[in-house]
Amino acid sequence: MSVLVYTESEQGKFKKNAFEVASYASAVAKMMGTTVTAIAFNTTEGESLGEYGVSKVMNVKDSSLETFNAGGFAASIAEAVKSTDAKVVILSSSTDTKYLAPLLAAKLSAGYAPNVVQAPDSTAPFMVKRTAFSNKGFAHTQIDTDIKIVGVSNNAFGAHENKTEVSVEEISGAADAATNDTKSVEIDKVVGKATIADADIVVSAGRGMKGPENWGMIEELADILGAATACSKPVSDLGWRPHGEHVGQTGKPVASNLYIAIGISGAIQHLAGVSASKTKVVINNDPEAPFFKAADYGIVGDAFEVVPQLIEKLKDFKAQNG
Amino acid sequence: MKILVCISNVPDTTSKINFTDGDTKFDTNGVQFVINPNDEFGLTRAMWFKEKQGATVHIATVGGPTVEPTMRKALAIGADEAFRINTEPTDGFSVAQQLAEVVKNGGYDLVIGGRESIDYNGGMVPGILASLTNMNFINSCISLEIDGNNVTAVREIDGGKEKLSSSLPLVVGGQKGLVEESDLRIPNMRGIMMARKKSLSVLEPVEAIKATEDKKFDKPAPKGQVKLADSVDQLVDLLHNEAKVI
């Protein structure tokens, strides 16, 4: 019996959330008095998981699984669960993982609790705290099945170093027994830029920007901070920015360390979606904007004056602090 | 083409969330219930298939009699027939098992559910349903075209999108993008009148595994007072020295 964690990689390199879920798995294993096995696909850096408490890495070497395929990945993870007799499976909250998680749950007849924000309340019974009602509340969810699947919320637990002796073994992928002729045709993805899902900083703007032509300064601010750009629902509905940037209750959730909201009044749906961010900064010319009540820091002022000043100030700051 | 849209009955997005019975239950007092937004994008796309490609559209909801107004709204938008599985939804796994029975008996080519419900956020019903019925599955779907048996779809990925090919029968986890916000329909009087006459059958639940149980709820701790900075210099200083985020 061990805890199995699925660590995501991209072109052989682990994604940031891989170390977070490995750390989470390590915390669960400690509570249960067992060890952590990781499963990864075509990674070139399996050993690095030893830094986060993983003692065994099963690296699936399979040319048919070089790019993400929900059915094939779920089948291989299910095989690994069986071969290691794992009772707890730890996953991330990435879009890909949320695609495969229900398939895995069905294959293993396992209860799945997504969006978990801290180490389990207890492991017998197995109880986890997760966000519910789109971040307006939390549920303490008990998983009653023999095998339990936990999806860890982005940036909720953090990566914790815990050096462990690690072995890496190569395995082959499992065939997906289910009907599955869904195939990737084309991926259209921004490279070399932070995404809303894994960025430490997110710069978000709303209708206060008056039009899509004014987004240059938002992108410049994001560039300086190494941040992802996001927007409010009206902005995406108006077509000023792509849907993928819409954050909020019906858009993407944000759980960054720093969330900067520019010209966003702060409708309840938006506040829910970004509430998991650790520090929230609001720039708005209306001192009565509801967002100020949900923010940590703010500036009351015209975005068209404040943002350019902030860009200049941060350029100096970055020059001094590297 | 025969389509089933799975509809969840959820609190309106503007709802304030409270809990009752010693924080063990969601407090429905004064809460307006609506079609789950992710499901409504799917339903609206299904209407497009009905109008342009002659599809038949059924809906299914797991829940007690209180969910019927939401189901009637879906019928008023244009769904042809409805099935209510008469049991309180407890967890995503058991909801998927109930819906799987409807799918198996109905011979559907396409099943659309929301990527997640905005209340319990399980995000697992469409995927588990696809597995239980041995159908293809595409999650976070933002574009869906069907030509005969062939499916071309786009799904959202972190930082972009992915175009996929697939085939019917298919289960889709839908969201905004399947149709635009401006494509959503408000039922008109004729639709509402017609919806009253449409068939809404009540099915008894099958035995299902209950995989998880929400034992207790709580709300986020109240936020402290915002600190207003007088200048960008002060803001950057606070973010660097106090919040330590830059």
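Residues numbered from 1 in each chain as written. Chains lettered and ligands numbered in written order. Predicted model: local features only at pLDDT ≥ 70, side-chain atom pairs only at ≥ 80, totals over all residues.

A. Layout of the overall build of chain A. Counting its regular elements, chain A contains eight helices and 18 strands. In summary, chain A has a C-alpha radius of gyration of 21 Å against a globular reference of 20 Å for 322 residues, a match within 12%. Put simply, chain A has 322 residues, and 58% of those count as buried. For chain A, restricting intrachain contacts to residue pairs at least 6 apart in sequence, the fraction spanning at least 24 positions comes to 64%. (Helix = DSSP H or I, 4+ residues; strand = E, 2+ residues; numbered from the N terminus. Rg over C-alpha atoms; globule rule 2.2 N^0.38 Å. Buried ≥ 20, exposed ≤ 12 C-beta atoms within 10 Å, placed from the backbone. Contact = placed C-beta atoms within 7 Å.)

B. Spotlight on the overall build of chain B. A tally of regular secondary structure across chain B gives six helices and 15 strands. Each of the three principal axes of chain B carries a C-alpha extent, and together these read 60 × 45 × 40 Å. When burial is assessed residue by residue, chain B has 52% of its 246 residues classed as buried. Within chain B, residue pairs in contact and separated by at least 24 positions form 73% of the contacts whose partners lie at least 6 positions apart.

C. Fine view of the domain arrangement of chain A. All names here are of chain A. Split by domain assignment, chain A resolves into domain 1 (3-171) and domain 2 (201-321). Look at where the C-alpha atoms of domain 1 and domain 2 centre, and you get two points 32 Å apart. Of the residues lining the interface, eight residues belong to domain 1; the matching set on domain 2 comes to eight residues. (Domains from an automatic or database assignment.)

D. Structural context of the interface of chain B and chain A. Counting residues at the interface gives 65 residues for chain B, matched by 76 residues for chain A. Going through the elements one at a time, α4 (125-133), β9 (136-147), β10 (150-157), β11 (160-167), β14 (212-218), β15 (227-228) and α6 (232-242) of chain B are the ones with two or more residues in the side of chain B that touches chain A. It is β11(B) that contributes the most residues to the side of chain B that touches chain A, eight residues altogether. Of the residues in the side of chain B that touches chain A, the class split is 29 nonpolar, 18 polar and 18 charged. Where strand β18 (residues 297-300) of chain A and β15(B) come together, two bridges link them in parallel fashion. Paired with Tyr297(A) across the strands is Lys227(B), a residue of β15(B). (Nonpolar A, V, L, I, M, F, W, Y, C, P; charged D, E, K, R; others polar. Pairing = 2+ DSSP bridges.)

E. Here's a closer look at the nonpolar core. Formed by 121 residues in total, the largest nonpolar core has its most connected members in Ala22(A), Ile90(A), Ala105(A), Val5(B) and Leu99(B). Other than its neighbours up to four places away in sequence, Ala105(A) contacts Ala110(A), Tyr112(A), Ile149(A), Phe93(B), Met124(B) and Ile128(B). If you look at the next biggest cluster of nonpolar residues, it comprises 53 residues, including Val203(A), Leu225(A), Leu258(A) and Ile283(A). (Core = buried A, V, L, I, M, F, W, Y, C linked by C-beta atoms within 7 Å.)

F. Representation of the sheet that holds strand β7 (residues 81-85) of chain B within the structure. Spatially, ten strands are ordered β13(A)-β11(B)-β10(B)-β9(B)-β12(B)-β8(B)-β1(B)-β6(B)-β7(B)-β13(B) in an open sheet, and the strand pairing comes out mixed. Both edges of this open sheet fall to β13 (183-189) of chain A together with β13 (200-203) of chain B, since each of them pairs with a single strand only. On average, each strand axis in the sheet is tilted by 30 degrees relative to the strand beside it, whichever way the strands run. Note that β7(B) and β13(B) share four bridges and pair parallel. Residue pairing for β13(B): Ile85(B) is matched across the bridge by Leu203(B). Helix-sheet contacts for helix α1 (residues 37-53) of chain B involve β1 (2-6), β6 (56-62), β8 (110-114), β9 and β12 (170-174) of chain B, and the interaxial angle to β8(B) is about 150 degrees. (Axes fitted to C-alpha atoms, helices over the stretch in contact; angles between N-to-C directions.)

G. Region of interest: unusual backbone geometry. The peptide bond linking Ala124(A) to Pro125(A) adopts the cis configuration, its omega dihedral lying at 0 degrees. Tracing the backbone through its elements, the reader meets Pro125(A) in the loop between β8 (122-123) and β9 (126-132). Residue Pro169(B) is bonded to the preceding Leu168(B) through a cis peptide linkage, with omega at -5 degrees. Of note, Pro169(B) is situated in the loop between β11 and β12. Phi angles above zero are rare outside glycine, and Gln11(A) is one such case at about 45 degrees. Turning to its location among the elements, Gln11(A) is positioned in the loop between β2 (9-10) and β3 (13-14). Judged by the 9 C-beta atoms lying within 10 Å of it, Gln11(A) falls in the exposed class. Here the phi dihedral of Asp85(A) falls at roughly 55 degrees; this positive angle occurs in a residue that is not glycine.

H. Here's a closer look at the packing of helix α3 (residues 95-108) of chain A against α4(B). The geometry of α3(A) relative to α4(B) is characterised by a closest axis approach of 7 Å and an angle of 45 degrees between their N-to-C directions. As far as their axial angle goes, α4(B) and α3(A) are oblique. With respect to the hand of their crossing, α3(A) and α4(B) are arranged in right-handed fashion. Between α3(A) and α4(B), the contacting residues are Pro102(A), Leu103(A), Ala105(A), Ala106(A) and Lys107(A) on the first element and Gly127(B), Ile128(B), Ser131(B) and Leu132(B) on the second. When grouped by side-chain class, the residues that make up the contact of α3(A) with α4(B) number six nonpolar, two polar and one charged. (Parallel < 35°, antiparallel > 145°, perpendicular 65-115°, else oblique. Left-handed = near helix turned anticlockwise from the far one by under 90°.)

I. Local environment of the confidence of the model for chain B. The share of residues in chain B with pLDDT of 70 or more is 100%, and the mean pLDDT across the chain is 97. Model confidence for the complex: the whole-complex pTM is 0.96, and ipTM, which rates the interface, is 0.97. (pLDDT = per-residue confidence, 0-100.)

J. Structural context of the pairing of β10(B). All names here are of chain B. Counting buried residues along β10, six of its eight residues qualify, which places the element largely inside the surrounding structure. Bridge count between β9 and β10: six bridges; the pairing is antiparallel. Its bridge partner being in β10, Ser143 is matched across the sheet by Val154. With eight bridges joining them, β10 and β11 adopt antiparallel strand pairing.

K. Spatial organisation of the packing of helix α3 (residues 92-106) of chain B against α4(B). All names here are of chain B. One can describe the packing of α3 onto α4 by two numbers: an axis separation of 8 Å at closest approach and a directional angle of 50 degrees. Viewed along their axes, α3 and α4 adopt a mutual orientation that is oblique. Crossing of α3 over α4 shows right-handed handedness. Counted together, Gly92, Phe93, Val95, Ala96, Gln97, Leu99, Ala100, Val103 and Lys104 of α3 and Val125, Ile128, Leu129, Leu132 and Thr133 of α4 form the full contact between these two elements. Classifying every residue of the contact of α3 with α4 by side-chain character gives ten nonpolar, three polar and one charged.

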